[in-house]
Amino acid sequence: MQLVSEKQGTTQLLQGWLAKSVRSVLAVTAVSLVVGCGLDIQTEENDKPDAPDNGGNTPVLTSSIYVNPVDIDDSFIKGVDISTVQQVEQAGGKFYNQDGIEQDVFSILAEHQVNWVRLRVWNDINDVYWSADVNGGQAVSGPIGGGNNDLATAIALAKRAKAEGLKVLLDFHYSDFWAHPGQQYMPKAWLNLSTAEVETALYDFTYDSLMAMHADGVFPDMVQIGNEINTGLVAPQGNGVTSAAAIALLKQGIQAVRDAEVQANASAEIMLHLTEPQKTDFVASVYAAFDNQQLDYDIIGLSYYPYWHGTLDQLQTAMDRLANERNKPVVIVETAYAFTTDAGPDGGSNIFGNADVEKVGYNASVQGQASFVRDLIERIADVPNDLGAGVFYWEPTWLGVSGAGWISGQTNGWENQAMFDYSGKVLDSLDVFWLVSETADMQPMAVDSVAPIDLTLDAGQTTFTLPTVIRLIYNTGQFDNVDVTWGDTSSIDTSASADYQIEAFLADGSSVTVAVSVLVKKQNVLLDSSFESGSYSQWVLAGDSIFTISDDANAALTGQYTLNYWLDQDFKTTLTQNLTGLDNGKYLLSAAIMGESKGATASKIMVTSGTNTAEVALTTSGWLNWATFTTEVEVVNGQADIVLSLDEIAQSWGYIDDITFTPMF
């Protein structure tokens, strides 16, 4: 997409964008309740169209995902922010195409019809004076990490992007590290300057950066003045996004771009970027203030993460209002979704977890990730007056490799929202960028499967109740929770564990077959295994005192209470429960945990009976990402010692619940 600045005249779209036909809204007219349908994702030519390749070849890509097209044209931005990719590569990360062949990641993106990249710029990435404020009190010496996004990095990445025919959005944070609402630290080089001198410094940094890019032949196609500036920029001077001080800083950045355009004989659109679009009145008032102050900008940029920023309907309301009131193109300049909630290879927790799946309504899967992006693109395309200009997916190449964390010495927290798997192979979800531009629907939305039901019964229990709601999972990766009544359940035997297929009837009279797995539990022989007494007095503590009992039911897997641990220094601790008078035979030890290890962990739960020992490592993946770990042991001599052993580095934390030791005979 190329726009003409307001300095040169009224903002207008390119000829291709202006010529865009009236948008047709894709609608699903029926949902077929066909369970287990096979998906053969093909175009009407029974293959994917050829993707562009700078080498003169036209590789053919295929896809396993279901994505119906959206009515967009070639000017629509199908972009990605890949600002960390150079550090990922320097840390050993490699990228592989759909055939598993190592390939330059920019080539992979271009072949999938990505047409823009976004690159952030920090002022001075070395010895960031406020690193300890955001890193648990631990300062970082040398390069800050998180991509080390200085100007040299931006130029290097822009050269690679331009070589593949991709356009470039340059994102000035005007800080030495991450800038976003509540975190807009002034660059250290500007700290002792006067108000006027800071304004001049911002102008100079912007202008000089753009001219340096021009000298290297990569003048950007779009420039972003500040990043997520809801609270202002360059704090404390620019606090308050509509304050006179913030407006003055924005004007300096804008003027620097316009002056660089003239000097370089080039053109770049200017974006102003906010987040939290669900706060529609606030966002609308900010852009109204920008226009009242006659800021010379071209593009409205919004961040939208569905697990933080409301529903797609709320986003549509915000975009439509901005387009109607401001008559400027709207771009979703940051978004993402997860392809899995499994822990990644870097050993750290991830920002996106199972609770986010429930909040948003798309599975954390390759299909779910692609479907979310496709549906977001459709919402952008539906913005009035063809002012929905495009989308940038945030950090699809941020692999979880050691040495490429969000800050030096930490993990990245984002690897499960990349569009490459944990080994670096491209996911089929990246196909969404070419599939949305196809011309024929693949197939109607349909139920692909029904989520199985796990029914846990106590030994000897003769009655049970199946849930009144089941989950239908569609071929789009979306899901619905629907009310059902059950058919004949007489085949379920409550005396033994087994799997069943039971018919369930929906409100419209149709039926689906549901897999019901019945687990008949023997009696748990551990005492107070769920800590519902409000203490852990049945356990013997040895080592560092790190435990408390939490009475926050929201932090418990079951019940009211759970065992919480944390310490501000490295710790090694055990809790032991000695059991006697047991029947000999095989037992199952189980424990549930959620939390975050801040580094290497050797935590485990183990059981010893005579010379028999079994153990299982305990790993964590973030808040409310509960994981259950089990191991089996043969009990002899009627005794067993259950040991919960925690071996973690400082600031690690977690919650443990439902430790059970049950016979399997």
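Since this is a predicted model, take the numbers as computed values, not measurements.

### Concerning the overall build of the protein
Each helix and strand in the protein was counted, giving 12 helices and 24 strands. On C-alpha atoms alone, the protein measures out to a radius of gyration of 28 Å, which is about the 26 Å that the 2.2 N^0.38 rule sets for 665 residues. Overall, the C-alpha framework of the protein stretches about 85 × 60 × 50 Å when taken along its three principal axes. Total accessible area computed for the protein in this model is approximately 26,100 Å², and 48% of it derives from carbon and sulfur atoms. Of note, the protein has its 30 positive side-chain charges centred 5 Å away from the centre of its 84 negative side-chain charges.

### Comments concerning the sheet that holds strand β23 (residues 640-648)
Strand order in this open sheet of five strands is β15-β18-β23-β20-β21, and the pairing throughout is antiparallel. The open sheet has two edge strands, β15 (540-543) and β21 (612-617), and neither has a second partner. The sheet shows a mean angle of 20° between the axes of neighbouring strands, taken without regard to direction.

### Topic: the nonpolar core
Tyr287, Phe290 and Leu302 are the most contacted members of the largest nonpolar core, which has 146 residues in total. Ranked by residue count, the leading element in this core is helix α7 (residues 244-264), at eight residues. Once you skip the residues sitting within four places of it in the chain, phenylalanine 290 turns out to touch Ile229, Val241, Ile247, Leu250, Leu272, Leu295 and Tyr297. Membership of the second largest hydrophobic core comes to 32 residues, among which are Phe531, Leu563, Phe571 and Leu589.

### Here's the deal with the environment of alanine 614
Counting through the fold element by element, alanine 614 comes out in strand β21. It is 46 Å that separates the C-alpha atoms of alanine 614 and phenylalanine 177, two residues lying 437 residues apart in sequence. Excluding its chain neighbours within four sequence positions, the residues that come into contact with alanine 614 are Ile605, Met606, Val607, Thr631, Glu632 and Val633.

### Some thoughts on helix α8 (residues 280-292)
With 13 residues, α8 should reach 18 Å at 1.5 Å per residue; the first-to-last C-alpha distance of 18 Å fits that figure. Listed in full, the buried residues belonging to α8 are Thr280, Val283, Ala284, Val286, Tyr287, Ala288, Ala289 and Phe290. Against the buried residues of α8 lie α7, β5 (269-274), β6 (299-303) and α9 (312-326). Positive backbone phi, at 55°, marks glutamine 294, one or two positions downstream of α8.

### A few points about the pairing of strand β4 (residues 222-225)
Residues Met222 and Gln224 of β4 are buried on one face, and the alternating residues Val223 and Ile225, pointing to the opposite face, are buried as well. Taken together, strand β3 (residues 167-172), helix α6 (residues 195-215) and β4 form a β-α-β motif whose crossover is right-handed. The pairing of β4 with β5 spans three bridges and is classified as parallel. Bridging across to β5, methionine 222 finds its partner in glutamate 269. Following the backbone out of β4, through α7 and into the adjacent parallel β5, one traces a crossover that is right-handed.

### Overview of the side chain of glutamate 415
Residue placement: glutamate 415 occurs in the loop between β8 (388-394) and α12 (432-435). Buried and without a salt bridge, glutamate 415 has lysine 598 as its closest oppositely charged side chain, separated by 13 Å. Each residue touching glutamate 415, except ones within four places of it in the same chain, is listed here: Phe339, Gly344, Pro345, Asp346, Gly348, Asn350, Trp398, Leu399, Gly400 and Tyr422.

### Overview of helix α11 (residues 366-381)
The end-to-end C-alpha separation of α11 is 23 Å, in line with the 22 Å expected for 16 residues at 1.5 Å each. Where burial is concerned, most of α11 is hidden: 14 out of the 16 residues are buried.

### A look at unusual backbone geometry
The amide bond that connects alanine 235 to the next residue, proline 236, takes the cis arrangement and shows omega of 5°. Within the secondary structure, proline 236 sits in the loop between β4 and α7. The backbone phi angle of glutamate 228 is positive, close to 50°, even though this residue is not glycine. Backbone geometry places asparagine 385, a non-glycine residue, at a positive phi of 60°. Inspection of the secondary structure puts asparagine 385 in the loop between α11 and β8.

### Some words on the environment of serine 371
By secondary structure assignment, the location of serine 371 is in helix α11. Its relative accessible area of 3% is what places serine 371 among the buried residues. In this structure, the C-alpha to C-alpha distance between serine 371 and serine 429, residues 58 residues apart in sequence, is 8.2 Å. The contact partners of serine 371, leaving out residues within four places of it in the chain, are Tyr66, Tyr362, Thr476 and Gly477. A polar atom in the side chain of serine 371 sits 2.8 Å from the side chain of glutamine 367.

The rules behind the values
Residues numbered from 1 in each chain as written. Predicted model: local features only at pLDDT ≥ 70, side-chain atom pairs only at ≥ 80, totals over all residues. Heavy atoms only, no water. Helix = DSSP H or I, 4+ residues; strand = E, 2+ residues; numbered from the N terminus. Rg over C-alpha atoms; globule rule 2.2 N^0.38 Å. Areas by Shrake-Rupley, 256 points an atom, 1.4 Å probe, with all protein chains shown as cover. Lys, Arg positive; Asp, Glu negative; His and termini not counted. Charge placed at Lys NZ, Arg CZ, Asp CG, Glu CD. Pairing = 2+ DSSP bridges. Axes fitted to C-alpha atoms, helices over the stretch in contact; angles between N-to-C directions. Core = buried A, V, L, I, M, F, W, Y, C linked by side-chain atoms within 4.5 Å. Buried < 20%, exposed > 50% of the residue type's maximum accessible area, 1.4 Å probe, protein only. Contact = heavy atoms within 4.5 Å. Expected span 1.5 Å × (residues − 1). Right-handed = clockwise from strand over helix to strand, strands pointing away. Salt bridge = Lys/Arg side-chain N within 4 Å of Asp/Glu carboxyl O. Polar contact = N/O pair within 3.5 Å; in protein donor to acceptor, adjacent residues only side chain to side chain.

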